[in-house]
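One-letter residues, chain by chain:
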Amino acid sequence: MKVALGQFAVSKVWQENADICVDLIRRAAEGGADLLVLPEGILARDIADPDIVLKTAQPLDGPFMTQLLAASSKSGLTIMMCIHVPTAGQRVFNNLVTIRRGEIVSQYRKLHLYDAFAAKESTNVQPGSVIPELIEVAGLKLGLMTCYDLRFPELARRHAVDGADVLILPAAWVKGPGKEAHWDVLVTARALENTCYIVAVGECGERNIGASMVVDPLGVAVVRAGEAPALIFADIAPKRISHARSVLPVLANRRFARPELA
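Residues numbered from 1 in each chain as written. Predicted model: local features only at pLDDT ≥ 70, side-chain atom pairs only at ≥ 80, totals over all residues. Heavy atoms only, no water.

Student: What should I look at first to understand the environment of Thr 195 in this one?
Tutor: Summarising the element assignment, Thr 195 is placed in the loop between helix H5 (179–194) and strand E9 (197–202). You can call Thr 195 buried: its relative accessible area is 1%. Sequence separation of Thr 195 and Ala 244 is 49 residues, and the distance between their C-alpha atoms is 6.2 Å. (Helix = DSSP H or I, 4+ residues; strand = E, 2+ residues; numbered from the N terminus. Buried < 20%, exposed > 50% of the residue type's maximum accessible area, 1.4 Å probe, protein only.)

Student: I'm lost on the packing of aromatic side chains in this one. Help?
Tutor: Two aromatic rings are characterised by how far apart their centres lie and by the angle between their planes. By the definition in use, this model includes four aromatic pairs. A ring pair is formed by Tyr 114 and Tyr 148, whose centres lie 5.4 Å apart and whose planes are at 75°; its orientation type is edge-to-face. Linking Tyr 114 in the loop between strand E5 (103–109) and strand E6 (135–137) with Tyr 148 in the loop between strand E7 (140–144) and helix H4 (153–161), this pair joins segments that are 34 residues apart in sequence. Classification of Tyr 114 as buried rests on a relative accessible area of 15%. Pairing Tyr 148 with Phe 152 gives two aromatic rings, centres 5.1 Å apart and planes at 85°, and the pair type is edge-to-face. The exposure class of Tyr 148 is buried, given its relative accessible area of 13%. Overall, the relative accessible area of 25% leaves Phe 152 in the partly exposed class. Members of the aromatic cluster, connected to one another through ring pairs, are Tyr 114, Tyr 148 and Phe 152. Lying across the ring of Phe 117, Lys 179 places its NZ or CZ 4.8 Å from the centre. (Phe/Tyr/Trp six-rings, centres within 6.5 Å; stacked < 30°, edge-to-face > 60°. Lys NZ or Arg CZ within 6 Å of the ring centre and 35° of its normal.)

Student: Is there a simple way to explain the sheet that holds E7 in this structure?
Tutor: Within a beta sheet, neighbouring strands are joined by backbone hydrogen bonds and run either parallel or antiparallel to one another. Spatially, the six strands line up as an open sheet ordered E6-E7-E8-E9-E10-E11, and their pairing is mixed. Two strands close off the open sheet at either side, each with one partner strand: E6 and strand E11 (221–224). Averaged over all pairs of adjacent strands, the angle between strand axes in this sheet comes to 20°, irrespective of strand direction. Note that strand E10 (residues 213–215) and E11 share three bridges and pair antiparallel. (Pairing = 2+ DSSP bridges. Axes fitted to C-alpha atoms, helices over the stretch in contact; angles between N-to-C directions.)

Student: Whenever I open this one, the sheet that holds strand E1 (residues 2–7) confuses me. Can you help?
Tutor: Read across the sheet, six strands follow the order E5-E4-E3-E2-E1-E12 without closing on themselves; strand pairing throughout is mixed. Strands at the two margins of the open sheet, each flanked by one partner only, are E5 and strand E12 (230–235). Mean inter-strand twist for the sheet, computed between neighbouring axes without regard to direction, equals 30°. Where E1 meets strand E2 (residues 35–37), three bridges bridge the pair, whose relative direction is parallel. Pairing of Val 3 across the sheet is with Leu 35, part of E2. In the packing of helix H1 (residues 14–30) onto the sheet, contacts are made with E1, E2, strand E3 (78–86) and E12, and the angle to E12 comes to roughly 35°. (Contact = heavy atoms within 4.5 Å.)

Student: I'm lost on unusual backbone geometry in this one. Help?
Tutor: Both trends apply: most residues other than glycine have a negative phi, and most peptide bonds are in trans. A positive phi angle, close to 40°, is found at Cys 147, a residue other than glycine. Structurally, the position occupied by Cys 147 is in the loop between E7 and H4. You will see that Thr 195, though not glycine, has its phi angle at about 45°, which is positive.

Student: I would appreciate a short explanation of the packing of H4 against H5 in the present structure.
Tutor: Remark: H4 packs on H5, axes separated minimally by 10 Å, with the N-to-C direction vectors making an angle of 35°. Handedness of the H4/H5 crossing: right-handed. Taking contact as the criterion, the partners of Pro 153, Ala 156, Arg 157 and Ala 160 in H4 are, on H5, Arg 190, Glu 193 and Asn 194. Looking at the contact of H4 with H5 residue by residue, the class counts come to three nonpolar, one polar and three charged. (Left-handed = near helix turned anticlockwise from the far one by under 90°. Nonpolar A, V, L, I, M, F, W, Y, C, P; charged D, E, K, R; others polar.)

Student: What exactly am I supposed to notice about the side chain of Asp 46 here?
Tutor: Structurally, the position occupied by Asp 46 is in the loop between E2 and helix H2 (52–56). Although buried, Asp 46 forms no salt bridge, and the nearest oppositely charged side chain, Lys 12, lies 4.1 Å from it. A polar contact is formed between the side chain of Asp 46 and the backbone nitrogen of Ala 48, at a distance of 3.0 Å. Those residues in contact with Asp 46 that sit more than four places away from it in its chain are Lys 12 and Ile 52. (Lys, Arg positive; Asp, Glu negative; His and termini not counted. Salt bridge = Lys/Arg side-chain N within 4 Å of Asp/Glu carboxyl O. Polar contact = N/O pair within 3.5 Å; in protein donor to acceptor, adjacent residues only side chain to side chain.)

Student: Explanation requested: the pairing of E3 in the structure shown.
Tutor: A regular strand places its side chains so that they alternate between the two faces of the sheet. By the criterion of burial, E3 is predominantly enclosed, with eight of the nine residues buried. As judged from the three bridges shared by E2 and E3, these two strands associate in the parallel manner. Within E3, the residue paired with Val 37 across the bridge is Met 80. As judged from the nine bridges shared by E3 and strand E4 (residues 92–100), these two strands associate in the antiparallel manner. In the sheet register, Ile 83 faces E4, and the bridge partner there is Asn 95. Between E3 and E4, which pair antiparallel in sequence order, lie five residues.

Here is the structure:
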């Protein structure tokens, strides 16, 4: 499987972000990718306005997703990204949406909300309550996670026990002392402890680190972006997964039960 990682700085205007996404979809398809992963919160971002997620949230049949669905209909490329979607209440859901050939294949509502480092995502966002099912792309099984989920090993392990070969992580990892080191350590740990590839795609810009990366099942960083907008590609090799699980059979050797949502 060939994966593309589309890292960019999200603007305040949803149409500008839609245009960037449509261009990344085109370029990823032209580059022969089977999968394109985009960051978290790509509808709109304003470092000075934490309530922008409420003001700009759109339903899945709104104009933002309509444009991306139209762009996806032109190839067999699978695309994953996170947008904020209105709920029936006063908050929104942070949805990881998978689209392919002009249709929505799945959606995952973020379980772990970023109430840490003086931030409080739960003020405006309602947490999900369902562990997402695995998605198949190019013969491989993919487990879905979003940003802060990375700090909770149970979800990644659940996906691996259920048969995931690859973990997908759109993110908007906030800058701060030691935060890029946290990103490196945690992305590598989730890959290595589950002998899965992990595709971690971060938003860049004023607030977030970028640093999108693919780490293989033995903890080797295959490709990595810097802090600027970029489209990078990596190959996911099934033989590497098989090799890792033969020399490091942590999934077979585990003593704990399959993680369940509390």
